Amino acid sequence: MRLHRFLILGICFVGLLTLTLSTRSTEKKGSKYAILIGVQDYDRDQLNDLGGLVNDVNALRKVLIEHCGFKSDNIHLMTLDEASKTKNFRMAPSSANIRRMIKSYVQLCDENDTLILAFAGHGIQFKNDSKNYFCPSDTKLEDRKTLIDLKQVYEDLTGCDARVKLLFVDACRNDPRTKEARSRPRIDLQGLNNPQRLKLPKGVAAFYSCQAGQESFEDRKTLGHGVFFHFVMEGL
């Protein structure tokens with residue numbers, strides 16, 4: 001039943017993403033940019049490692065190039081594997097690097113451009129805090145400055161002139177801390193992330209893997225990817 005529900009969502013993706021990523025013939029064609037962030041390796045004292053997320057963002061990059069008219073030079077893949085392979089550690093998915101990359105492209109885009117931000121990794125919400133956070137590779141749960149505040153990402157996108165702004169977030173987990181995490185007794189978390197509590201700014205389309213009270217799932221055996229990004233790519 002859950003898979004059928006995602007299939008329906010996948011069909012919806014086809015229509016919506018075709019509309020948002022296509023350019024009408026009467027409009028000036030702009031550039032298409034994407035920042036694809038995948039974090040699956042964390043400090044074991046902070047969070048559990050995740051499986052397969054690097055494959056998801058790599059596959060998304062391929063789909064954007066082959067089916068959506070993106071140029072490879074305009075897609076920035078932020079994973080630890082990519083940073084190590086290219087010896088460019090400014091592409092590692094640390095909190096500072098992610099913020100820098102988003103701000104640079106928010107400033108770069110003009111009114112004819114398209115900007116996609118995709119996050120894959122752990123998400124977290126502190127108890128009695130309406131904000132939701134994405135967990136970069138250098139996450140320290142006791143220091144919120146090391147986290148990516150999704151409300152701030154919304155504000156950044158609001159200030160971006162791009163005609164099309166899409167946000168994909170596969171970052172909702174049930175209590176992501178490890179059992180042996182040293183930080184566990186000293187912080188208080190919500191059981192699940194609730195990204196829908198944030199008001200979506202005008203001009204931004206956002207897709208989350210979960211709503212309140214739900215979890216994200218992977219199906220590497222059948223689908224070959226996380227369920228969410230499988231259908232994102234099907235839609236694209």
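We now turn to the structure provided with this report. (Residues numbered from 1 in each chain as written. Predicted model: local features only at pLDDT ≥ 70, side-chain atom pairs only at ≥ 80, totals over all residues. Heavy atoms only, no water.)

## Here's the deal with the packing of aromatic side chains
Here is step 1 of the chain: Across all of its chains, the model carries four aromatic pairs by this definition.
Here is step 2 of the chain: Judged by centre distance (5.3 Å) and plane angle (25 degrees), the rings of Phe168 and Phe207 are stacked. A residue pair is termed long-range when its members are at least 10 positions apart, and Phe168 in strand 7 (residues 164–170) and Phe207 in strand 8 (residues 205–208) qualify at 39 residues. Assigned by exposure class, Phe168 and Phe207 land together as buried. (Phe/Tyr/Trp six-rings, centres within 6.5 Å; stacked < 30°, edge-to-face > 60°. Helix = DSSP H or I, 4+ residues; strand = E, 2+ residues; numbered from the N terminus. Buried < 20%, exposed > 50% of the residue type's maximum accessible area, 1.4 Å probe, protein only.)

## Here's the deal with the packing of helix 2 (residues 53–67) against helix 6 (residues 227–235)
Here is step 1 of the chain: It is the contact of helix 2 with helix 6, at a shortest axis distance of 10 Å, that shows an interaxial angle of 5 degrees. Judged by the inter-axis angle, helix 2 sits roughly parallel to helix 6. Contact with helix 2, carried on its side by Asp56, Ala59, Leu60 and Val63, involves Phe229, Val232 and Met233 of helix 6 and no other residues of that element.
Here is step 2 of the chain: Residues that form the contact of helix 2 with helix 6 fall into these classes: six nonpolar, no polar and one charged. (Axes fitted to C-alpha atoms, helices over the stretch in contact; angles between N-to-C directions. Parallel < 35°, antiparallel > 145°, perpendicular 65-115°, else oblique. Contact = heavy atoms within 4.5 Å. Nonpolar A, V, L, I, M, F, W, Y, C, P; charged D, E, K, R; others polar.)

## Thoughts on the sheet that holds strand 8
Here is step 1 of the chain: If you walk across this open sheet you meet the five strands as 2-1-3-7-8, and the pairing is parallel. With one partner strand each, in any of the chains shown, strand 2 (75–78) and strand 8 form the two edges of the open sheet. Averaged over all pairs of adjacent strands, the angle between strand axes in this sheet comes to 10 degrees, irrespective of strand direction.
Here is step 2 of the chain: In the sheet, strand 7 pairs with strand 8 via four bridges, with the strands oriented parallel. The residue bridging Phe168 from the neighbouring strand is Phe207, located in strand 8. (Pairing = 2+ DSSP bridges.)

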